[in-house]
Amino acid sequence: MVSFLILRTHGFPHRFTSVFILSRKALCFCSSSTLPTSSSSSSSSHVPSSQSMVKRVCSLVCESYYQHAHMRVSPPRLHLGIDADSLTHEQAITIVASLADDAGSIVALSFFNWAIGYSKFRHFMRLYIVCATSLIGNGNLEKAREVMQCMVKNFAEIGRLKEAVEMVIEMHNQGLVPNTRTLNWVIKITSDMGLVEYAEYLFEEMCARGVRPDSVSYRVMVVAYCKMGNVLEADRWLSSMLERGFVVDNASFTLIISRLFEKGFATRALWYFRKFSDMGLKPNLINFTSMIEGFCKKGSIKQAFEMLEEMVGKGWKPNVYTHTALIDGLCKKGWTEKAFRLFLKLVRSENHKPNVLTYTSMISGYCRDDKLNRAEMLLSRMKEQGLVPNTNTYTTLIDGHCKAGNFERAYGLMNLMNNEGFSPNVCTYNAIVDGLCKKGRVQEAYKMLKNGFHNGLKADKVTYTILISEHCKQADIKLALVLFNKMVKSGIQPDIHSYTTLIAVFCREKRMKESEMFFEEAVKFGLIPTNKTYTSMICGYCREGNLKLALKFFNRMGDHGCAPDSITYGALISGLCKQSKLGEARRFYDTMIEKGITPCEVTRVTLAYEYCKIDDCISAMVILERLEKKLWIRTANTLIRKLCSERKVGMAALFFHKLLDMDLHVNRVTLAAFMTACYESNKYALVSDLTARIHKENRLAIKVTK
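Residues numbered from 1 in each chain as written. Predicted model: local features only at pLDDT ≥ 70, side-chain atom pairs only at ≥ 80, totals over all residues. Heavy atoms only, no water.

**Re the overall build of the protein**
- For the protein, the count of helices and strands is 37 helices and 2 strands.
- Taken over the C-alpha trace, the protein has a radius of gyration of 37 Å; the compact-globule value for 706 residues is 27 Å, which it surpasses by more than 25%.
- Seen through its principal axes, the protein has C-alpha atoms that stretch 130 × 60 × 55 Å.
- Partitioning the intrachain contacts of the protein with sequence separation of at least 6 by distance along the chain shows that 63% fall at a separation of at least 24.
- As presented, the protein carries roughly 35100 Å² of accessible surface, and 52% of it is formed by carbon and sulfur atoms.
- Between the averaged position of the 93 positive side-chain charges in the protein and that of its 67 negative side-chain charges there is a distance of 3 Å. (Helix = DSSP H or I, 4+ residues; strand = E, 2+ residues; numbered from the N terminus. Rg over C-alpha atoms; globule rule 2.2 N^0.38 Å. Contact = heavy atoms within 4.5 Å. Areas by Shrake-Rupley, 256 points an atom, 1.4 Å probe, with all protein chains shown as cover. Lys, Arg positive; Asp, Glu negative; His and termini not counted. Charge placed at Lys NZ, Arg CZ, Asp CG, Glu CD.)

Written as C-alpha cells, this is what we have:
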C-alpha cells in the first residue's frame, strides 16, 4: 500500500514545497512505483539495478548492525564496505525509509548516521526529513527530534541555519510537535551563532505553538545576551525567569555576575546574588570570588571584604584567585602596602602560593605608586620562584616605566620579552604610545606604531582612543574625527570611551549638536554611557546656558546605572548660579551633602559667593556650616580673597571673624588680600578691628601655653 506525505506550505518558504511518495515497505522503489532519480532521463531499465542496490545496502546495514549491536554505542557505527558515491540521493532516502519499516528505527538511524558522515549526504535536507518522518511513523518521536537537531547543527555550519530551523517548525504538521527540549536546543544553536534576536523570535514562536519554556530556556537567552555584553536585555530575561520561579545554575550565575559588574551594575549584581540565594541557589567558592572580584574592580573594597567574611562564614576557604582579586583591588585603590601584607600572607601559606596573576597585580600596584624599584624586585623574585612572567606582566612593568618617563628601560623590557620568547602585543605598544603621547612625544609614538605595524601589529580600539584623545587635547578635532572614522572602517567598533573622548571635546567647544549626535549613536549601538559621558554632556549644556537639556541628561543618568559625582553636581550648580537660580542650585547642593558627596572647592565658593552678591551672608554661612572643619577653613579663605577682589570688604570681614572663631592660624595671603582691599576702599577701621582681635587672641594663646 502506498501512502502520500505532503509537506504543507502554510507559513513555509516556497523552496521547501515538494511532494514525496512514501511506501511503508520501500519508499520510492516498489515493484510498481518509482520516484525519479537525480537524473530526469533515467529509463525503466535502470529500476532493477536501483532496486538491487537498495536491497544490497539494506542487507549490509542489517548485517553490520547485528555484528556490532553488542557495542555500547547506540546506534552502533556501521562498516558497510561500499563507497558512498555509489549511492544516489534518492537511493539513500529509500534505504532509510525501508530500514525503518522492516528493521526498526535504530537500524535506520545507523544507516542515517553513516550517510551524513559523508559530505555528499551531510547537507541533503530530504534525507533528514524522510528519516525523521519514518521515525515518527514508528512512534519514535525522541529519535526523530534528534535527527532534526542534527540537521540544524549541520546546516548551521554552511550558513543555512534559518532554513533548517524553519523545517523543524514545519515538522509540527507531520506530527513532530515541538517540545521544551526542541526549543532549548534550537535557541542554543541559534544564539551560539550570535543570532540572539532570531533566537528570541523562535522562543516566542514556539511558545505560541504551546511549548512551555523551562529554566534552561531562559538561561540560554540570559547567557547569550551576557556573552554579547548586552546586560540590559540579559536583565530583562532574568526578571522573567524570576517571575516564573526559575533559578540559574552556578556557572551561569558567575557569568551573569561578571558581566553586571563589568558594565557598572554592581547594585544589581548584589541584588541577584541575594535573590537567587533566597530562592535556594547555594553560592559556591567561584560565585563568591566573582562577587569579590567585581567589588574590587569597582573600588568597593569594604564590600569585597564583607563578602569575603560572608564566604568564610559559609564554610568556603579563599583560594589564590580570591586573594589575587583582593590584592588587585587594594592596589587599584592605592593601598599598596595593605595589598603587600596580603601578598606576604600568600607567600607564607602552605596551600596557596602566589601565581603569575598575583605577582602581576602586585607589580601593577607598585607601578601605580611609582615604586618601580620594588616592581622590578618582584619581577626578579618571580623568576627565582620558577614562575615565568607573561606578556601581561612585562606590559604592566613597561607601562609603569613609560608613565615615569623611563622609556629607555621600557624599550629594554621589550627586547627582554623578545629574547624570552614573548612577543609584545597591542597592549604593550599601547602602553608605550600612551606614555609617549602624555610626554608630548607624539611623533615618536607614531613611529613606534609604524614599526609595530611592520611587524604585523594591528591597532585596536585602545590604540585609536589614545591617539584620538591626544588630538582632542590639542583641539585638533578634524584629525581626531579622521582617526575615529578610520577605526570604524577598519571594522573596529568604538567603545564608550572612544565616544566619550569625542563627546567631551565637542562639549568643550560648545558644539552640542555634534555631542548629542555621538551620544545617541553610542546608545543606538548598545553602548552604555558612563558617568564621564553624562557629565561631559551636562557641562557642555551648562556652558551653553541650556539648563533644560542639562537637567534632561542629568535625569537620564539613572537609566544607565550612572550616579552623579561632585563634578556633575558642580556643573549643574554653576549653570544654575549663572542664571541666578539659587533656589534650585541650593537644592542640588543639599542633595550632594545628604548623599555623602563632598562638593569641590569651586562649587562651594561659587554658591556661597552668589548669595553674598545678593547680600545674603546668612545663607552663605549656612552652606559652609555643613562642611567639615578643614574644608570650611579652606573654603572661607578662598571666599574672603574673592570678596576682597570684588571690594566687598564688609562681607569679607564677617567671614574673616568667623574664620578666626574656627582657626587662630591666620593665612598670610588671605590677610594681605583683606588689608589691601580695605586700604583701597578706605575701610581702615575694619583692618584695625581685625588686627586687634588677632593680637588679642594670640596673647591669650601664649598665656594658656605658659
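**As for a positive patch on the surface**
- Together, Lys473, Arg508, Lys510, Lys532, Arg543 and Lys578 make up a positively charged patch on the protein surface.
- Among the secondary structure elements, lysine 532 is positioned in helix α28 (residues 531-544). (Patch = residues over 30% accessible without salt bridge, like charges linked within 9 Å, V, L, I, M, F, W, Y side chains within 5 Å. Salt bridge = Lys/Arg side-chain N within 4 Å of Asp/Glu carboxyl O.)

**Some details on the environment of cysteine 226**
- With respect to the helices, strands and loops of the structure, cysteine 226 is situated in helix α10 (residues 215-228).
- Among the residues examined, cysteine 226 registers a relative accessible area of 2% and is labelled buried.
- Ignoring anything within four residues of it in the chain, the contact list for cysteine 226 reads Ala234, Leu255, Ile256 and Arg259. (Buried < 20%, exposed > 50% of the residue type's maximum accessible area, 1.4 Å probe, protein only.)

**Let's talk about the packing of aromatic side chains**
- The final tally for this structure, using the stated rule, is 32 aromatic pairs.
- Consider the rings of phenylalanine 203 and tyrosine 218, whose centres lie 5.4 Å apart with planes at 65 degrees: the pair is edge-to-face. Taken together, the residues phenylalanine 203 in helix α9 (residues 196-208) and tyrosine 218 in helix α10 connect sequence positions 15 residues apart. Each of the two residues, phenylalanine 203 as well as tyrosine 218, counts as buried.
- Ring centres of phenylalanine 554 and phenylalanine 588 lie 5.3 Å apart, and the angle between their planes is 85 degrees; this geometry places the pair in the edge-to-face category. Taken together, the residues span a long stretch of sequence, with phenylalanine 554 in helix α29 (residues 547-556) and phenylalanine 588 in helix α31 (residues 582-594) at a distance of 34 residues.
- Given a relative accessible area of 13%, phenylalanine 554 falls into the buried group.
- Of the aromatic side chains, those joined through ring pairs into one cluster are Phe253, Trp271, Tyr272, Phe273, Phe276 and Phe288.
- When the ring centre of tryptophan 335 is taken as origin, the NZ or CZ atom of lysine 338, which lies over that ring, is 4.6 Å away.
- The residue whose ring lies beneath arginine 556 is phenylalanine 553, and the NZ or CZ to ring-centre distance is 5.2 Å. (Phe/Tyr/Trp six-rings, centres within 6.5 Å; stacked < 30°, edge-to-face > 60°. Lys NZ or Arg CZ within 6 Å of the ring centre and 35° of its normal.)

**A look at helix α25 (residues 477-489)**
- For α25, spanning 13 residues, the distance from its first C-alpha to its last is 18 Å, which sits close to the expected 18 Å at 1.5 Å a residue.
- Within α25 the residues assigned to the buried category are Ile477, Ala480, Leu483, Phe484 and Met487. One side of α25 carries all its buried residues, which in axial view fall inside an arc of 120 degrees. Facing away from the buried side of α25 by more than 90 degrees, the exposed set consists of Lys478 and Lys489.
- Its buried side turned inward, α25 meets α23 (442-454), α24 (461-473), α26 (496-508) and α27 (512-524). (Expected span 1.5 Å × (residues − 1). Arc of directions from axis to C-beta.)

**So, the pattern of salt bridges**
- Throughout the structure, instances matching the rule amount to 32 salt bridges.
- The residue arginine 236 makes a salt bridge to glutamate 233 at a minimum N-O spacing of 2.5 Å. Of this pair, arginine 236 and glutamate 233 both sit in helix α11 (residues 231-243), 3 residues apart, roughly one helical turn.
- Residue classification places arginine 236 among the partly exposed residues on the basis of a relative accessible area of 38%.
- Residue glutamate 233 is classed as partly exposed on the basis of its relative accessible area, which comes to 23%.
- Several salt bridges share partner residues, and in doing so they unite Glu142, Arg145 and Arg181 into one network.

**Notes on the environment of phenylalanine 124**
- Mapped onto the secondary structure, phenylalanine 124 falls in the loop between α4 (119-122) and α5 (125-137).
- With relative accessibility at 13%, the residue phenylalanine 124 sits in the buried group.
- On a C-alpha basis, the gap between phenylalanine 124 and lysine 282 in space is 47 Å, while along the polypeptide they are 158 residues apart.
- In contact with phenylalanine 124, not counting residues within four places along its chain, are His89, Ile93 and Phe155.

**A few points about the packing of helix α34 (residues 629-645) against helix α35 (residues 649-662)**
- Interhelical geometry of α34 versus α35 gives an angle of 155 degrees and a closest axis separation of 9 Å. Judged on the interaxial angle alone, α35 and α34 are roughly antiparallel. Every pair of crossing elements has a handedness; the one defined by α34 and α35 is left-handed. Here Lys629, Trp632, Ile633, Ala636, Asn637, Leu639, Ile640, Leu643 and Cys644 of α34 lie close against α35, whose contacting residues are Met651, Ala652, Phe655, Phe656, Lys658, Leu659 and Met662. (Axes fitted to C-alpha atoms, helices over the stretch in contact; angles between N-to-C directions. Parallel < 35°, antiparallel > 145°, perpendicular 65-115°, else oblique. Left-handed = near helix turned anticlockwise from the far one by under 90°.)

**Details of unusual backbone geometry**
- In this model, aspartate 370 sits at a positive phi of 60 degrees, which is unusual for a non-glycine residue.
- What makes aspartate 370 exposed here is its relative accessible area of 52%.
- Notably, asparagine 682 is not glycine yet its phi reads approximately 60 degrees, a positive angle.
- Among the secondary structure elements, asparagine 682 is positioned in the loop between α36 (668-680) and α37 (684-705).

**Considering the nonpolar core**
- Grouped together as the largest cluster of nonpolar side chains are 228 residues, with contacts concentrated most on Phe111 and Leu127.
- For this core, the leading source of residues is α5, giving 9 residues.
- Beyond its immediate sequence surroundings of up to four residues, leucine 127 is in contact with Ala92, Ile93, Val96, Phe112, Ala115, Ile116 and Phe121. (Core = buried A, V, L, I, M, F, W, Y, C linked by side-chain atoms within 4.5 Å.)

**Describing helix α12 (residues 250-262)**
- Given a rise of 1.5 Å per residue, 13 residues ought to cover 18 Å, and the 18 Å separating the end C-alpha atoms of α12 matches this to within 8%.
- All buried positions along α12 are accounted for by Ser252, Phe253, Thr254, Leu255, Ile256, Ile257, Leu260 and Phe261.
- Residues of α12 that are buried make contact with α10, α11, α13 (266-278) and α14 (285-298).
- The N-terminus of α12 is capped by aspartate 249, whose side-chain oxygen sits 3.2 Å from the backbone nitrogen of alanine 251.
- Of the residues flanking the end of α12, it is glycine 264, one or two places downstream, whose phi is positive at about 90 degrees. (Polar contact = N/O pair within 3.5 Å; in protein donor to acceptor, adjacent residues only side chain to side chain.)

**Side note on the packing of helix α20 (residues 391-403) against helix α22 (residues 426-438)**
- Running from N to C, α20 and α22 point in directions that differ by 5 degrees, and their axes come no closer than 9 Å. With respect to their mutual orientation, α20 and α22 come out roughly parallel. Residue-level inspection shows Thr391, Thr395, Ile398, Asp399, Cys402 and Lys403 of α20 in contact with α22, the latter providing Cys427, Thr428, Ala431, Ile432, Asp434 and Gly435.
- Counted by class, the contact of α20 with α22 contains 5 nonpolar, 4 polar and 3 charged residues. (Nonpolar A, V, L, I, M, F, W, Y, C, P; charged D, E, K, R; others polar.)

**Side note on the state of the cysteines**
- Enumeration over the complete set of coordinates arrives at 0 disulfides.
- Counting only cysteine sulfurs, cysteine 131 is the nearest neighbor of cysteine 150, a cysteine outside any disulfide, at a range of 9.3 Å.
- By relative accessible area, which is 21% here, cysteine 150 ends up partly exposed.
- Cysteine cysteine 226 remains unbridged, with the sulfur of cysteine 562 as its closest cysteine sulfur at 19 Å. (Disulfide = S-S within 2.5 Å.)

**Section: the confidence of the model for the protein**
- Here the protein averages 83 in pLDDT, while 90% of its residues score no lower than 70.
- Ranking the elements of the protein by mean pLDDT puts strand β1 (residues 2-6) last with 32 and helix α18 (residues 356-368) first with 94.
- Below pLDDT 50 for its whole length, residues 1-47 participates in 77 contacts with residues either more than four positions away or in separate chains. (pLDDT = per-residue confidence, 0-100.)

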